[in-house]
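# Understanding the architecture of this molecule
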Amino acid sequence: MKILGIETSCDETALALVEASGKTKPRFKILASAVSSQIKIHRPFGGVVPNLAKREHIKNLPIVLKRVLGKKYGMKDVDLIAVTNGPGLEPALWAGINFALELGEKYKKLVVPVNHLEGHLYSPLIEGKFEAKSIYPAVGLIISGGHTILVVQKNLTTWEKIGETLDDAVGESYDKVARLLGLPYPGGPEIEKLAKSGKPDAIPFPRPMTKTKNYDFSFSGLKTAVLYYLRDNPKYKKADVAASFEQSTIDVMVGKAIRAAREYRAKSVFLGGGVAANMALRGALEKEIKKLKIKFLTPSLKLSTDNGTMIAAAGYINLINGKARPAKEIVAESNLNL
Ligand code: KG4
Ligand code: ZN
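Chains are numbered independently. Their residues run from 1 in the order of the written sequence. Numbering of ligands from 1 and lettering of chains from A proceed in the order in which they are written. Selection of residues for local features in this predicted model requires a pLDDT of at least 70, selection of side-chain atom pairs for listing and counting requires 80 or more, and totals for whole chains, interfaces and linings are taken over all residues. Remark: hydrogens and water are excluded; side-chain values derive from all non-hydrogen atoms of the structure.

## Some details on the pairing of strand 3 (residues 27-37)
Successive residues of a regular strand alternate their side chains across the two faces of the sheet. Here 10 bridges tie strand 2 (residues 12-21) to strand 3, and the two strands are oriented antiparallel to one another. Looking across to strand 3, one finds that leucine 15 is bridged to alanine 34. At least two DSSP bridges between two strands are needed for those strands to be called paired. Helix numbers and strand numbers start at the N terminus; a helix is a DSSP run of H or I with at least 4 residues, a strand a run of E with at least 2.

Next up, the structure:
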């Protein structure tokens, strides 16, 4: 089955054509994928402006679709259209939904809504072959600009959320700390770059919620600690602040994910979402996971940040397992959760 995945929940217009087969052990082949990023347009505002995003998505969707189909494929080859319907910026979500419904109507294709977070959750499965028996139960850590979630996955389509952030998402804290340091949006990649030349143990920033027994997170206090440090140490070294802040977030996330993996006797740990593109985090998590002798599944960098492939994959998994909600009228749900 060939699935067209459409993602417009934030500032990337992302489409992909994915070939999929299998039910409990799905296999994917990425036939084409394209992302048109609006970062440069939103950068002067220090964050994403919803109505600007919508306008750009509407403009870019047909262009990106053409790029994805290329000379090789046409809409006639598409068996299913999967579109993100939440969570995200409502006007941006509507751009993708309306486009998907119009395509569905015109070419008589089934359209299914996809939860963006399920896309991130399934993203580690897209590139690798895996045996369902040997990876579940799995602990999944989904970390993005809007979410920080820990789940325990019993099998491909059943999971329980065991923790999430009580305030800022971890990606949001990277974006806010970057702004404090005068770095452009989005802050995650900027902080990571800068941190490479700094000392991670230079400043003892707090490790919020590491002493609590639950799996919830909190990052707004950490951001405030950085703010106070900058105020009280005007001669601060930017790279040390970046490295120490990054290390604090890594310690918190790795600590919670590993504790969950032990408690739930996980056979693997999944990592997905934009912040999963952080190499220092990947390295630190992988090192601890190896000690437990379990598997570490995370997508390549391209599939960590928002993309159409993960939406196609999630749409396929839901449909084939009877969990999709094919609908003529799909509505944007900006606060959708896992
Ligand atoms: O998943 P994503 O592309 O969009 C959302 O669903 O939110 O995640 C974007 C977030 C932003 O906050 C960005 O700063 C962060 O991921 N991010 C990173 C890195 N690359 C992106 N954070 C830390 N290190 C990175 N290398
Ligand atoms: Zn995302």
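## Digging into the nonpolar core
Only buried residues count toward a nonpolar core, which is a set of Ala, Val, Leu, Ile, Met, Phe, Trp, Tyr and Cys residues joined through side-chain atoms within 4.5 Å. Summary of the burial criterion: residues with accessible area below 20% of their type's maximum are buried, those above 50% are exposed, and those between are partly exposed, where the area comes from a 1.4 Å probe applied to protein chains only. With 44 residues, the main nonpolar core has Leu150 and Ile191 as its most contacted residues. Looking at this core element by element, the count peaks at 12 residues for helix 9 (residues 238-263). Ala16, Val18, Ala138 and Leu303 belong to the second largest nonpolar core, which has 35 residues in total.

## Some words on the packing of aromatic side chains
Here a pair means two rings of Phe, Tyr or Trp (six-membered ring of Trp) with centres within 6.5 Å. Their orientation is stacked below 30 degrees between planes, edge-to-face above 60, and tilted elsewhere. Applying the stated criterion across every chain yields a total of 7 aromatic pairs. Ring geometry for tyrosine 174 against phenylalanine 245: centres 4.9 Å apart, planes inclined by 65°, an arrangement best described as edge-to-face. Of this pair, tyrosine 174 sits in helix 6 (residues 170-180) while phenylalanine 245 sits in helix 9, and the two are 71 residues apart along the sequence. Directly above the ring of tryptophan 159 sits lysine 323, whose terminal nitrogen or CZ lies 4.8 Å from the centroid. By definition, being over a ring means that NZ of Lys or CZ of Arg is both within 6 Å of the ring centre and within 35 degrees of the ring normal.

## Some thoughts on helix 3 (residues 90-107)
The end-to-end C-alpha distance of helix 3, which contains 18 residues, comes to 26 Å, matching closely the 26 Å that a straight helix rising 1.5 Å per residue would cover. Any pair of residues with heavy atoms lying within 4.5 Å of one another is described as a contacting pair. Of the surrounding elements, those touching the buried residues of helix 3 are strand 1 (2-7), strand 2, helix 2 (50-69), strand 4 (80-86) and strand 5 (110-115). Lysine 108 sits one or two positions beyond helix 3 and adopts a positive phi of about 55°. Helix span, expected: 1.5 Å multiplied by one less than the number of residues in the helix.

## Quick notes on the environment of proline 186
With respect to the element layout, proline 186 can be found in the loop between helix 6 and helix 7 (187-195). Given a relative accessible area of 19%, proline 186 falls into the buried group. Other than its neighbours up to four places away in sequence, proline 186 contacts Ile39, Arg43 and Asp175.

## A word on the sheet that holds strand 2
Strand order across the open sheet formed by 5 strands is 3-2-1-4-5, with mixed pairing between neighbours. In this open sheet, the two edge strands, each paired with only one partner strand, are strand 3 and strand 5. Across the sheet, the mean angle separating the axes of adjacent strands is 20° when strand polarity is ignored. Sheet analysis places strand 4 next to strand 5, joined by 6 bridges and oriented parallel. Axes, fitted as lines to C-alpha atoms, cover a helix only where it is in contact. Angles between the N-to-C directions of the axes lie from 0 to 180 degrees.

## Describing the layout of surface pockets
Buriedness for pockets is judged along seven lines, at least five of which must meet protein on both sides within 12 Å for an open set on the 1 Å grid over protein atoms alone, while cavities are sets there where a 1.4 Å probe fits but cannot get out, and lining residues have an atom within 4 Å of a point. Grid points are joined across faces, edges and corners, and a volume is the space filled by probe spheres set on the points. Looking at the second largest pocket, its volume works out to about 180 Å³. Lining the second largest pocket, in full, are Leu101, Gly104, Glu105, Lys109, Leu110, Val111, Pro326, Ala327 and Lys328. When contributions to the lining of the second largest pocket are tallied by element, the ones reaching two or more residues are helix 3 and strand 5. Residue type decides the class: Asp, Glu, Lys and Arg count as charged, Ala, Val, Leu, Ile, Met, Phe, Trp, Tyr, Cys and Pro as nonpolar, and the leftover types, Gly among them, as polar. Per-class residue counts for the lining of the second largest pocket are 5 nonpolar, 1 polar and 3 charged.

## Looking at unusual backbone geometry
At the junction of tyrosine 136 and proline 137, the peptide bond is cis and its omega measures out at 0° in the coordinates. Mapped onto the secondary structure, proline 137 falls in the loop between helix 5 (132-135) and strand 6 (138-143). For lysine 108, which is not glycine, the phi torsion reads 55° and is therefore positive. In this model, lysine 293 sits at a positive phi of 60°, which is unusual for a non-glycine residue. Positionally, lysine 293 belongs in the loop between helix 10 (279-292) and strand 10 (295-297).

## Observations regarding the site of ligand 1
We call a residue near a given molecule or strand whenever any one of its heavy atoms falls within 4 Å of it. In the vicinity of ligand 1 lie 19 residues, with Gly145, Asp175, Gly188, Glu192 and Gly274 positioned nearest. At 3.1 Å, a side-chain N or O of asparagine 278 approaches a nitrogen atom of ligand 1. Computed with a 1.4 Å probe, the accessible areas rest on the Shrake-Rupley method; for each residue, only the protein chains presented here act as cover. In the complex, 89% of the free accessible area of ligand 1, which totals 560 Å², lies under the protein chains. Mapped onto the shell around ligand 1, the elements with two or more residues apiece are helix 4 (116-122), helix 6 and helix 7. The definition of a polar contact used here is a pair of N or O atoms within 3.5 Å, where within protein one atom must be able to donate a hydrogen and the other to accept one, and adjacent residues in sequence count solely through side-chain atom pairs.

## Some points on the pattern of salt bridges
The salt bridge definition used is simple: a Lys or Arg side-chain nitrogen within 4 Å of an Asp or Glu carboxyl oxygen. Considering all chains together, one arrives at 11 salt bridges under this definition. A salt bridge links glutamate 172 to lysine 176, with the nearest nitrogen and oxygen atoms 3.3 Å apart. Within this pair, glutamate 172 and its partner lysine 176 are both found in helix 6, separated by 4 residues, close to a single helical turn. Classification of lysine 176 as partly exposed rests on a relative accessible area of 27%. Across the pair glutamate 190 and lysine 193 runs a salt bridge, and its minimum N-O distance is 3.9 Å. You can see glutamate 190 and its partner lysine 193 sitting in helix 7, 3 residues apart, about one turn around the helix. Each of Asp168, Glu172, Lys176 and Lys223 takes part in salt bridges that share partners, so that together they form one network.

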